[in-house]
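# Overview (structure and organization)
Given next are the chains, with one letter for each unit.
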Amino acid sequence: MSASRRPVSPERARGRGLGLVCAFGLAGACATPAAAPPQPLPFDHALHATVELDDGPLGCTTCHAGAERGVRAGLPALSTCLSCHMRPQGDPPSSEEARVRELAASGVPLRWIQVTRNPGHVYFSHGAHVARAGMACAECHGEVTTWTEPPTVPLRHLTSMDACLACHRARGAPTDCVTCHQ
Amino acid sequence: MSAKDPNRRDLLRVLGASVGAGVGATAGLAASAGEAAAAPARTRRWGMVIDLDRCTLCSSCTVACKQENNVPVVGPDDEHVGAQIEWLSILWQEPEQPGGLPQGMPFPCQHCADAPCVKVCPVGATYKNDEGITMQIWDRCIGCRYCMVACPYGRRSFNWETPRWDGTQIQMLNPDVATRTGGVVEKCTFCYQRVRRVRERAALEGREIEDEEVRRLPACAAACPAEAIVFGDLADPESRVSELARDPRRFQLLDYLGTDPSVIYLKRDRR
C-alpha cells in the first residue's frame, strides 16, 4: 500500500513499537476530559427506564436491539423513537420530543456519536454475554438507568482487558487469546 | 516418530488422571474431575484437506484470503525483494515434462500439531489454541522473526512497514480482522473470525457446530470453484474432512519433520 518502503531492522521495528507504547501511555495519562460530543438528542435514560409499555417495562433491548443476540448492541434509529413519539407522550410535551419530530420531518437520519468503542483488535459479542452467559446489562454497564443525559466520556471499564479477564477467570469462561482478540 | 508426541502426552495425562482417581478411590471423583477438565464438549482439531486433483490452480483462494484478512499488497518492488505478505499463495512447481502444464498447490499455514514456530516465540505471541489452530496475536509480536526462521514451510510474513490503506481501501477492510502494523509477523489463522462466528451462532441456537456449515468456512475454501479445499474437524471421524483425509492419495508436506500438519493434501493423479 505504501509508495516506498525500506526494510527495517528488527531492532528498529521493536524501537518503533516501544515508542508507540510510550506515546499511547502518555496520551492516556495526560488525557483531559473531552467536551461532550454533540449528540443529536439529549436522551434521558433515567426517564425512559421508568416507562411502562402495554407488554411490560421499556427494556434496554427495545432500543439497543442487538444487545441480546447480536454482536453489537446498536444505537436506535429515529424510527425506533417514533414508534412511541409519533403521538405526544407526557404532559406537557417536552422540547426533546418536538426535536424528534423535527428531525423526522427533515428526513435527516439520527446520528448518535458512540463515545465508547472497542479497539479494532478486540472482538466483543453482546449475544455471547447476554443470551449465552445470561448476564444482565448492568453487570458491565452499571447504573445506566440513572443517567439523565448521554455519556460524554468513554467508559474505560468497558474496554479494560483486566476487567474482562477477571470476570472470565471467575466464571470459568474461555481465556484463549483469540476468544476476544482478532 | 515425534509426530505422535501430542498423542503420547494425552495418553500420559489420561493415565495420570486415572491414577489420581485410584487415590481418590471414588468413581464420582473421577467423573467430576473429568467434567471439570473437559469444559468444552470435546476437543476439536480444525484442519483442511486440499484435493490437488480438483485444484485447477485458478488462484481464487489467494485473492479471497487477501480480501478476507486485510492482507496488504506490497507492490512489485517489494515483492521482488521478497517482502510480500503471504497467508496463502500457490506453491508453483516445475512441470513434469518441459512444456507441460504448470503444477502447484495452494499453500496456507500448515497449522502443525507440533509447531516449530510456537517453540521459538520468546513472547508467546504465537501459540496453539485448544482447537489446533496456530494463532498469532499481532499486538504481542515484537518482530524478532524467530518464527519465520523456524517455520519449515515459510508461511509467515513480516510487515516491514505499516501498510497504508488509502481512500476507499479503508472501507473495503474487513472489520472482523485487525490490520497489522509494521514490525509484526502475520500468518494464516484458518479464518478464525469465521469459526468464532459459527461457534457463536451454534451456541445461541443451543446446538453443536455442524460439519456442513464449516466445510467451506475459510475464505479460501468458500472461494474455491472446484471445492478442492475442505475444512472441518479432523478429530471427528465422521466429518467430511476426516473422511477425505483417509484417502490413500493423502500426504503432508515435509512429513518427515514430524510437525504433523493439519493441512492434508490429496495427490494429483490426473495428468
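Residues numbered from 1 in each chain as written. Chains lettered and ligands numbered in written order. Predicted model: local features only at pLDDT ≥ 70, side-chain atom pairs only at ≥ 80, totals over all residues. Heavy atoms only, no water.

## Re the side chain of Gln 193 of chain B
Residue and element names in this part refer to chain B.
- As for its placement among the helices and strands, Gln 193 is situated in helix α8 (residues 192-204).
- A relative accessible area of 9% means that Gln 193 is categorised as buried.
- A polar contact is formed between the side chain of Gln 193 and the side chain of Asn 69, at a distance of 3.1 Å. (Helix = DSSP H or I, 4+ residues; strand = E, 2+ residues; numbered from the N terminus. Buried < 20%, exposed > 50% of the residue type's maximum accessible area, 1.4 Å probe, protein only. Polar contact = N/O pair within 3.5 Å; in protein donor to acceptor, adjacent residues only side chain to side chain.)

## Some remarks on the interface of chain A and chain B
- If you look at the interface, chain A gives 28 residues, while chain B gives 33 residues.
- Overall, the association of chain A and chain B removes approximately 2,900 Å² of surface from exposure, summing both partners, and the carbon and sulfur fraction of that is 52%.
- Viewed at the interface, chain B and chain A are joined by zero salt bridges.
- If you look at where chain A meets chain B, you find eleven residue pairs in polar contact (both at pLDDT 80 or more).
- Within the residue set of the side of chain A that touches chain B, elements represented by two or more residues are α1 (10-30), α6 (126-132) and α9 (177-180) of chain A.
- For the side of chain A that touches chain B, the residue count by class is 13 nonpolar, nine polar and six charged. (Contact = heavy atoms within 4.5 Å. Buried area = accessible area lost by both parts, 1.4 Å probe. Salt bridge = Lys/Arg side-chain N within 4 Å of Asp/Glu carboxyl O. Nonpolar A, V, L, I, M, F, W, Y, C, P; charged D, E, K, R; others polar.)

## Considering the packing of helix α4 (residues 78-85) of chain A against helix α5 (residues 95-106) of chain A
Residue and element names in this part refer to chain A.
- Two elements in contact, α4 and α5, have axes separated by 10 Å at closest approach and are oriented at 125 degrees. With respect to each other, α4 and α5 are oriented oblique. For the pair α4 and α5, the sense of crossing is left-handed. Between α4 and α5, the residues in contact are Leu 78, Cys 81, Leu 82 and His 85 and Glu 97, Val 100, Arg 101, Leu 103 and Ala 104, respectively.
- A breakdown of the residues in the contact of α4 with α5 according to their chemical character gives six nonpolar, one polar and two charged. (Axes fitted to C-alpha atoms, helices over the stretch in contact; angles between N-to-C directions. Parallel < 35°, antiparallel > 145°, perpendicular 65-115°, else oblique. Left-handed = near helix turned anticlockwise from the far one by under 90°.)

## Points about the pairing of strand β3 (residues 103-107) of chain B
Residues and elements named next belong to chain B.
- The buried fraction of β3 is high, at five of five residues.
- In this structure, strand β2 (residues 89-93) lies alongside β3, joined through five bridges in antiparallel fashion. Bridge pairing in β3 links Leu 91 to Met 105. (Pairing = 2+ DSSP bridges.)

## Some remarks on the environment of Lys 187 of chain B
All names here are of chain B.
- Structurally, Lys 187 can be placed in the loop between β7 (185-186) and α8.
- Sequence separation of Lys 187 and Phe 107 is 80 residues, and the distance between their C-alpha atoms is 12 Å.
- Discounting residues that sit within four places of it in the chain, Lys 187 has contacts with Trp 87, Cys 109, His 111, Thr 134, Gln 136, Trp 138, Arg 155 and Arg 156.

## Focus: the packing of aromatic side chains
Residue and element names in this part refer to chain B.
- Throughout the structure, instances matching the rule amount to six aromatic pairs over all chains.
- Considering the side-chain rings of Trp 46 and Phe 231, the 5.3 Å spacing of their centres and the 10 degrees angle between planes classify their relative orientation as stacked. Of the two residues, Trp 46 is situated in strand β1 (residues 46-51) and Phe 231 in strand β8 (residues 229-233); the sequence distance between them amounts to 185 residues. For the pair Trp 46 and Phe 231, a shared accessibility class is recorded, and that class is buried.
- Residues Phe 190 and Phe 231 carry aromatic rings whose centres are separated by 5.2 Å and whose planes lie at 75 degrees to one another, so their mutual orientation is edge-to-face. A residue pair is termed long-range when its members are at least 10 positions apart, and Phe 190 in the loop between β7 and α8 and Phe 231 in strand β8 qualify at 41 residues.
- Using a relative accessible area of 2% as the deciding quantity, one classes Phe 190 as buried.
- Grouped by ring-pair contacts, the aromatic residues Trp 46, Phe 190 and Phe 231 constitute a single cluster.
- Of note, Arg 145 hangs over the ring of Phe 158, and the distance from its end group to the ring centre comes to 4.7 Å.
- Directly above the aromatic system of Trp 138 lies the positively charged group of Arg 180, at a separation of 5.1 Å from the ring centroid. (Phe/Tyr/Trp six-rings, centres within 6.5 Å; stacked < 30°, edge-to-face > 60°. Lys NZ or Arg CZ within 6 Å of the ring centre and 35° of its normal.)

## Some words on empty space enclosed by the protein
- For the coordinates displayed, the defined rule picks out five cavities of 30 Å³ or more.
- By volume, the largest cavity amounts to about 130 Å³.
- Lining of the largest cavity is provided by 17 residues; of these, His 181 and Gln 182 of chain A together with Met 135, Trp 138 and Thr 189 of chain B occupy positions nearest its centre.
- Contributions of two or more residues to the lining of the largest cavity are made by β5 (134-136) and α8 of chain B.
- Looking at the lining of the largest cavity element by element, the count peaks at three residues for α8 of chain B.
- Partitioned by chemical class, the residues of the lining of the largest cavity number seven nonpolar, seven polar and three charged. (1 Å grid on protein atoms, 1.4 Å probe; cavity = no way out; pocket = protein on both sides within 12 Å on 5 of 7 lines; lining within 4 Å. Points joined across faces, edges and corners; volume = space filled by probe spheres on them.)

## Considerations on the layout of surface pockets
Residues and elements named next belong to chain A.
- Estimated volume of the second largest pocket: approximately 740 Å³.
- Contributing to the lining of the second largest pocket are 30 residues, with His 48, Val 51, Cys 84, His 85 and Gln 89 lying nearest its centre.
- Of all the secondary structure elements, the ones that give two or more residues to the lining of the second largest pocket are α2 (45-49), β1 (52-53), α3 (60-63), α4 and α5.
- Of the residues that constitute the lining of the second largest pocket, the class distribution is 14 nonpolar, nine polar and seven charged.

## Thoughts on the pairing of strand β10 (residues 263-266) of chain B
All names here are of chain B.
- Here β10 shows a buried face lined by Val 263 and Tyr 265 and a second buried face lined by Ile 264 and Leu 266.
- Bridge count for β1 against β10 is four bridges, and the pairing is parallel. Its bridge partner being in β10, Met 48 is matched across the sheet by Val 263.
- By the bridge criterion, two bridges tie strand β9 (residues 250-251) to β10 in an arrangement that is antiparallel. Looking at the pairing, Phe 251 lines up with Tyr 265 of β10.

## Re the confidence of the model for chain A
Residue and element names in this part refer to chain A.
- Averaged over every residue, the pLDDT of chain A is 80; the share at 70 or more is 81%.
- When mean pLDDT is compared element by element in chain A, helix α8 (residues 161-171) scores highest at 93, while α1 scores lowest at 44.
- Considering only residues more than four positions removed or in separate chains, one finds that residues 1-31, a stretch of pLDDT under 50, has 29 contacts. (pLDDT = per-residue confidence, 0-100.)

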